[in-house]
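Examination of the molecular architecture
Spelled out from the first residue to the last, the chains are:
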Amino acid sequence: MKNLIYQYWDGKLLPGHKAGRTAMQSYADRIGVEYLFEDNPRWQTALGQYSPHYGSFKFVYDGSFDIYDNILYADIDIFPVDGLTENIFDGFTAELGICTEPMQPKFRSSSITPGGITSRNDEVWAKMIRDVYGKDMPRDSDGLLKVYNSGLVLWSRLGIMKGRKNLPVFKGYIQHCRESGLPSFYTADQNYIHAAKDIAGFDWIELDNNWNSYIHYHGEGDPRPVNDSRTENTKFVHVQLRAADHFDKETLHTIVNNPVEVWNGKLPKIG
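Definitions and cut-offs
Along each chain, the written sequence defines residue order, and numbers are assigned to residues from 1. Per-residue local features of the predicted model are confined to residues with pLDDT of at least 70, and side-chain atom pairs are confined, for both listing and counting, to 80 or more; whole-chain, interface and lining totals are unaffected and use all residues. With hydrogens and water stripped out, all remaining heavy atoms of the structure feed into the side-chain values. DSSP-based pairing: two strands are paired if at least 2 bridges between them are found. In this description a helix means any DSSP run of H or I spanning at least four residues, a strand means any run of E spanning at least two, and both kinds are numbered starting from the N terminus. Between the N-to-C directions of two axes lies an angle of 0 to 180 degrees, each axis being a line fitted to C-alpha atoms and, for a helix, fitted only over the stretch in contact. When checking whether two residues touch, look at their non-hydrogen atoms; a contact exists if any pair is within 4.5 Å. Here's how the labels work: a residue is buried when its accessible area is under 20% of the maximum for its type, exposed when over 50%, partly exposed in between, all with a 1.4 Å probe on protein chains only. Polar contact criterion, stated in full: a pair of N or O atoms within 3.5 Å, where within protein one must be able to donate a hydrogen and the other to accept it, and residues adjacent in sequence count only if both atoms are side-chain atoms. As used here, the term nonpolar core means buried Ala, Val, Leu, Ile, Met, Phe, Trp, Tyr and Cys residues forming a set that is joined through side-chain atoms within 4.5 Å. Counted as salt bridges are all cases of a side-chain nitrogen of Lys or Arg within 4 Å of a carboxyl oxygen of Asp or Glu.

Focus on the sheet that holds strand E9 (residues 226–228)
Hydrogen bonds between backbone atoms are what pair the strands of a sheet, whose relative direction is either parallel or antiparallel. Strand order in the open sheet formed by four strands is E4-E10-E8-E9, with mixed pairing between adjacent strands. Two strands lie at the open edges of the sheet, namely strand E4 (78–80) and E9, each paired on one side alone. Direction aside, the axes of adjacent strands within the sheet are offset by 20° on average. Helix H1 (residues 15–31) contacts E4 and strand E10 (236–239) of the sheet and is inclined by roughly 40° relative to E4. Contacts from helix H8 (residues 249–257) reach E4, strand E8 (213–217) and E10, with the element oriented near 120° to E10.

Remarks on the environment of Asp 10
Within the secondary structure layout, Asp 10 lies in the loop between strand E1 (3–9) and H1. By relative accessible area, which is 14% here, Asp 10 ends up buried. Between the C-alpha atom of Asp 10 and that of Ala 126, which follows or precedes it by 116 residues, the distance is 29 Å. Residues in contact with Asp 10, not counting those within four places in the same chain, are Asn 40, Pro 41, Arg 42, Trp 43 and Pro 52. At 2.9 Å, the side chain of Asp 10 and the backbone nitrogen of Arg 42 are in polar contact.

Details of the sheet that holds strand E2 (residues 34–39)
One open sheet holds the six strands; their spatial order is E2-E1-E3-E6-E5-E7, and the pairing between them is mixed. Both outer strands of the open sheet, E2 and strand E7 (204–206), are each paired with one neighbouring strand and no more. Each neighbouring strand pair of the sheet contributes to a mean axis angle of 20°, computed without reference to strand direction. As defined by bridge partners, strand E3 (residues 70–74) adjoins strand E6 (residues 148–156) across five bridges and the pair is classed as antiparallel.

Remarks on the pairing of E6
Burial analysis of E6 places nine of its nine residues in the buried class, the great majority of the element. Summarising the sheet, strand E5 (residues 96–100) and E6 pair through five bridges and their orientation is antiparallel. Within E6, the residue paired with Leu 96 across the bridge is Trp 155.

Observations concerning helix H7 (residues 189–199)
The buried count for H7 comes to 10 of 11 residues, which makes it a mostly enclosed element. Every buried residue of H7 is listed here: Asp 189, Gln 190, Asn 191, Tyr 192, Ile 193, His 194, Ala 195, Ala 196, Lys 197 and Asp 198. Looking at the buried residues of H7, the elements they touch are E5, helix H3 (104–109), helix H4 (119–133), E6, helix H6 (170–179) and E7. Looking one or two residues past H7, Gly 201 carries a phi angle of roughly 75°, positive in sign.

Things to note about the environment of Thr 187
Looking at where Thr 187 falls in the secondary structure, it is placed in the loop between H6 and H7. Among residues more than four places away in sequence, those in contact with Thr 187 are Tyr 50, Tyr 54, Tyr 173, Ile 174, Cys 177 and Arg 178.

Digging into the nonpolar core
Judged by nonpolar contacts, the single largest core of 42 residues is most densely connected at Ile 5, Tyr 27, Ile 88, Phe 236, Val 239, Leu 241 and Ile 255. When neighbours within four sequence positions are excluded, Ile 5 is seen to be in contact with Met 24, Tyr 27, Ala 28, Val 33, Glu 34, Tyr 35, Leu 36, Leu 72 and Phe 89. Ranked by size, the runner-up nonpolar core spans 40 residues in total, among them Tyr 50, Met 137, Ile 160 and Leu 167.

Some thoughts on the pattern of salt bridges
Tallied over the full model, the rule gives 15 salt bridges. A salt bridge links Asp 131 to Lys 127; the nearest nitrogen and oxygen atoms lie 2.6 Å apart. Separated by four residues within a single helix, Asp 131 and Lys 127 lie in helix H4, roughly one turn from each other. Arg 230 is the partner of Asp 228 in a salt bridge, and the nearest nitrogen-oxygen pair spans 2.9 Å. Since its relative accessible area comes to 26%, Asp 228 is described here as partly exposed. The class for Arg 230 is buried, based on a relative accessible area of 17%.

These values are about where atoms sit, not about what they do.
Here it is in C-alpha cells:
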C-alpha cells in the first residue's frame, strides 16, 4: 500500500505552522508513509474568503496523486502526541473517514448570535441541503445536527475517484449558502464536506475522535476556560487556540502533551 499525508498552507508561514508541519512529517516517517507539504499552492482563489480552505480537495482533482492507495489530509494545526506510532491508515477500508466534533451541537444550541454559528443557522443550512441536494444530514441522539471537522479527512483511492466524479460544484454550493442568508462560515470547506460526503454517495465512516481531539477557548476569564476534548487515548490534537499559529515548537509541544492546568494562563502574549 502506498499512503500519503498531505498538508499545505496558503499565506505566510508562521512559527506554529512550521511546528505543525515538522510534527506531522515526523509522524509520517515513524509509520513509514510518504509526506507532502505544499507552500502556497493557491489551488483555489475565486471562491470568496474561504478559497484557501478548498485546497484540501486538490488531490481529488489532480491526477498526479493517483499513485496513492490512501491519502490523509490534515490541517497544519493538528499535532500527533509525543512518540505516536499507531498508524491511522491501518484497517481503513471505507472511501472516506472523518471525525465529529461531539461537543459542538450543544455549544451551538446555546448560542443565539443571529449571524453566528448556531443551531438555528445549522437548521437553515440543513434545510438548504435537503431542498437543493435531496439529502438529510446526520443528527445526534438529542436530535441536534452533528458537526464534522474538515481538518482531518482520510480518503481511499476509490473515494477520490468517486469524489472527482460526484462532488458538488464548489461555486454552486457556496451560492446556495449565500442565497439562504447563511453566515459566511457555512460557505467554507467544513460544511461543504459535511454535506458532500452524502451528496456524493461515499461509503464513509466516522473516525475515532481520538484522531482529532480539539482544544479551544470557550468563554471568558483569566485564565480563559478551555474546552479540551482529549482523552487518555488521544492520538492527534487539533490546537484551535487563538494566536497558536504564532507559538513556537516548544510551546505547542507543551500544549499538545500536557493537561490544561500546566499551560493555560502561561502562554506567550501575542499582539
